[in-house]
Amino acid sequence: MRCRTISWASNGQRRFAPIFGSVFLFTLLPLAGCGGADSGSAPAITAQPAGITVAERQSASFSVTASGTAPLSYAWRRNGTPIAGATSATLTMTSALAADHGARFSAVVNNSAGSVTSAEAVLTEELPMFLLAGQSNTEGNVDTALFQMLLADLASAANTDTKARLAERIRYWHKDTNNGYAGYGYTPEMAALGASELVRLNAAGLVGADLSTSNTRVLCARNAAGVSPLFVSSLSTKCGNAFGPELVFGQALSQAGYSATSLIKVAHGGMNLYVDWRRPLSGETVGPLYTELRARIQSLKSAPAGVNPSRKNQGCRWSAFVWFQGKNDSFDSANGLSNEQNLKNLIADVRNDVGSPTLTVVIVQIGSSAQSLAFGKNVSAAQSAVVSADKYARLVTTSDLSGIYHYESASKLIIGDRIAQAVKALLAAAPA
């Protein structure tokens, strides 16, 4: 109810007149201090914030919708504690951290007539899994002696000679059966770039002595038999018989803030994309390596703890697929199917098997020595065409590295970092 008071004037005169015999005009006016104008309706929640599931480090958003007299103000809470600066109808977390798993988020909506608190929405985080597949480049098999010398150089105190010494080793070191130096097809410019990249990676803590220290935040699985923390032991990362690009790739993911990641690797040298990796979409008989890849995907769907026993109560999510092939497709005309269609089918079937049509895909460019072959040029062109037509894919270039990087340790370390950069950029832009 509105409160009123009475004021009067006598015959419209501004001066007071005798009371008796006068005519009074009465006007109802608001009474000061009695609430003023109508304060309107209190806020009410018309759409509650919904719980969501995202992969760790992915963006997450909660929204609330409310009615009531404007203006409405918002204040979000995490587990009942106010979040500084969260004052809009939508709360966006640009990167969900491990501590956010299971957190409860709610919004308090206010206006001049009152306030209301929304229901709590729970954030569920799934641990990321990265699938690496391909031929011998993914498998590993680097030059052991060169790898150990590069790490020794990087572990010593940096000086003006460090890059020159690294460049010398990268360009010339590889003893053939006659104890001569075969090298890896490096130009002086390529060797200098490789040396600079190794110095940069070492300064970032991605290579050097730390490679032999067990990284418990990154688990590596070669098969369904078990997992092992990522580290180098006798040139093996437990993802294969020798280290491949997963070594620096895993280190970079750990540094990016992932609390626990799993690398699953299915690779075999000397195989062919059209035959050994043949997929359902390509028709005919599914190849043995794709059969193994599919089996690993299916086993991890039903038992994600198989790649991360410490998080057995937390779900996992396939976050990226990395394809790094060798030279074998450069010797084959693909038997009637184009290299481009082969690669498209591979990506489509992997996405179908993991249940994600927007799965991030990274293709590592075939080496320049393979591109010198007729079919190698076709493979390179196919890789570029597939990535250009797929907004969830990216190509990692290698043309500035050795043309024969197959066994060359420095290139494997550098390529691992480039894969990590591509994956992180794609995941940052990926839909929730």
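Residues numbered from 1 in each chain as written. Predicted model: local features only at pLDDT ≥ 70, side-chain atom pairs only at ≥ 80, totals over all residues. Heavy atoms only, no water.

Draft legend 1. A look at the overall build of the protein. When you go through the protein residue by residue, the secondary structure sums to 10 helices and 18 strands. Out of the 432 residues in the protein, the part that is buried amounts to 46%. Nonlocal contacts in the protein, meaning residues at least 24 apart in sequence, comprise 69% of its contacts between residues at least 6 apart. Accessible area of the protein: about 19,700 Å², with a carbon and sulfur share of 54%. (Helix = DSSP H or I, 4+ residues; strand = E, 2+ residues; numbered from the N terminus. Buried < 20%, exposed > 50% of the residue type's maximum accessible area, 1.4 Å probe, protein only. Contact = heavy atoms within 4.5 Å. Areas by Shrake-Rupley, 256 points an atom, 1.4 Å probe, with all protein chains shown as cover.)

Draft legend 2. Examining the packing of aromatic side chains more closely. Scanning the entire structure with this criterion turns up four aromatic pairs. Ring centres of F130 and F249 lie 5.5 Å apart, and the angle between their planes is 90°; this geometry places the pair in the edge-to-face category. Highlighted residues: F130 in strand β12 (residues 121-134) and F249 in helix α5 (residues 246-255), separated in sequence by 119 residues. The buried category is assigned to F130, whose relative accessible area is 0%. Under the relative-accessibility criterion, F249 is labelled buried at 0%. The structure contains a cluster of three or more aromatic residues connected by ring pairs, namely F130, F249 and Y258. (Phe/Tyr/Trp six-rings, centres within 6.5 Å; stacked < 30°, edge-to-face > 60°.)

Draft legend 3. How the structure looks around the pairing of strand β13 (residues 215-221). Across the seven residues that make up β13, a large majority, five, are buried. Across three bridges, β13 lies against strand β14 (residues 228-230) in antiparallel orientation. What sits directly across from C220, in β14, is S228. In this structure, β13 lies alongside strand β15 (residues 261-267), joined through four bridges in parallel fashion. (Pairing = 2+ DSSP bridges.)

Draft legend 4. Spotlight on the side chain of S254. Mapped onto the fold, S254 is located in helix α5. On the accessibility criterion, S254 (10% relative accessible area) is buried. Contacts of S254, omitting those with residues within four sequence positions, involve N215, R217 and V218.

Draft legend 5. Layout of the side chain of S118. One can find S118 in the loop between β11 (114-117) and β12. By relative accessible area, which is 7% here, S118 ends up buried. When near neighbours in sequence (up to four residues on either side) are disregarded, S118 contacts I45, Q48, P49, V64, S106 and A107.

Draft legend 6. Focus on the packing of helix α2 (residues 144-155) against helix α3 (residues 162-172). It is the contact of α2 with α3, at a shortest axis distance of 10 Å, that shows an interaxial angle of 175°. Relative to α3, the element α2 lies roughly antiparallel. Contacts between α2 and α3 involve L146, M149, L150, D153 and L154 on the former and, on the latter, R165, L166, R169 and I170. Considering only residue class, the contact of α2 with α3 consists of six nonpolar, no polar and three charged. (Axes fitted to C-alpha atoms, helices over the stretch in contact; angles between N-to-C directions. Parallel < 35°, antiparallel > 145°, perpendicular 65-115°, else oblique. Nonpolar A, V, L, I, M, F, W, Y, C, P; charged D, E, K, R; others polar.)

Draft legend 7. Up close: the confidence of the model for the protein. Across the protein, the average pLDDT comes to 80, with 78% of residues at or above 70. Note that pLDDT drops below 50 for residues 1-37; the model gives that stretch 33 contacts with residues more than four away or on any other chain. The low-confidence segment residues 177-181, where pLDDT is below 50, has six contacts with residues more than four positions distant or belonging to other chains. (pLDDT = per-residue confidence, 0-100.)

Draft legend 8. Molecular detail of the nonpolar core. The biggest cluster of nonpolar side chains holds 50 residues, and the ones touching the most others in it are F130, L198, F249, L263, L413, I419 and V423. Take this core: its biggest share by element is 10 residues, from helix α10 (residues 409-428). Ignoring anything within four residues of it in the chain, the contact list for L263 reads F130, L132, V218, L219, C220, A221, C239, E246, F249, G250 and L253. Counting 31 residues, the second largest nonpolar core, distinct from the first, contains L293, I347, V350 and V361. (Core = buried A, V, L, I, M, F, W, Y, C linked by side-chain atoms within 4.5 Å.)

Draft legend 9. Spotlight on α5. Most of α5 is tucked away, with nine of its 10 residues classed as buried. Taken together, the buried positions of α5 are E246, L247, V248, F249, G250, Q251, A252, L253 and S254. Looking at the residues trailing α5, positive phi occurs at G257, about 105°.

Draft legend 10. Inspection of the pattern of salt bridges at higher detail. For the structure shown, the criterion picks out 12 salt bridges. Residue E120 pairs with R104 through a salt bridge whose shortest N-O separation is 3.1 Å. On the criterion of sequence distance, the pair formed by E120 in the loop between β11 and β12 and R104 in strand β10 (residues 104-111) is long-range, its members being 16 residues apart. For E120, a relative accessible area of 42% gives the class partly exposed. According to the relative accessible area criterion, R104 is partly exposed, its value standing at 35%. In this structure, the salt-bridge partner of D417 is R200, at a minimum N-O distance of 2.8 Å. (Salt bridge = Lys/Arg side-chain N within 4 Å of Asp/Glu carboxyl O.)

Draft legend 11. View of helix α9 (residues 374-388). For α9, which comprises 15 residues, the first-to-last C-alpha distance of 22 Å matches the rise-based estimate of 21 Å (1.5 Å per residue) to within 8%. Taken as a whole, α9 has its buried residues at G376, V379, S380, A382, Q383, V386 and V387. Buried residues of α9 fall within an arc of 160° about the axis and therefore sit on the same side. Of the residues in α9, the exposed ones pointing more than 90 degrees away from the buried face are A374, K377 and S388. Buried residues along α9 sit against α7 (339-354), β17 (360-364), α8 (368-371) and β18 (393-396). (Expected span 1.5 Å × (residues − 1). Arc of directions from axis to C-beta.)

Draft legend 12. Representation of the packing of α5 against α10 within the structure. Running from amino to carboxyl end, α5 crosses α10 at an angle of 45°, the nearest separation of the two axes being 7 Å. Compared by their axis directions, α5 and α10 come out oblique. In terms of crossing hand, the pair formed by α5 and α10 is right-handed. Across the interface between the two elements, L247, V248, F249 and A252 from α5 touch L413, G416, D417, I419, A420, V423 and K424 from α10. (Left-handed = near helix turned anticlockwise from the far one by under 90°.)

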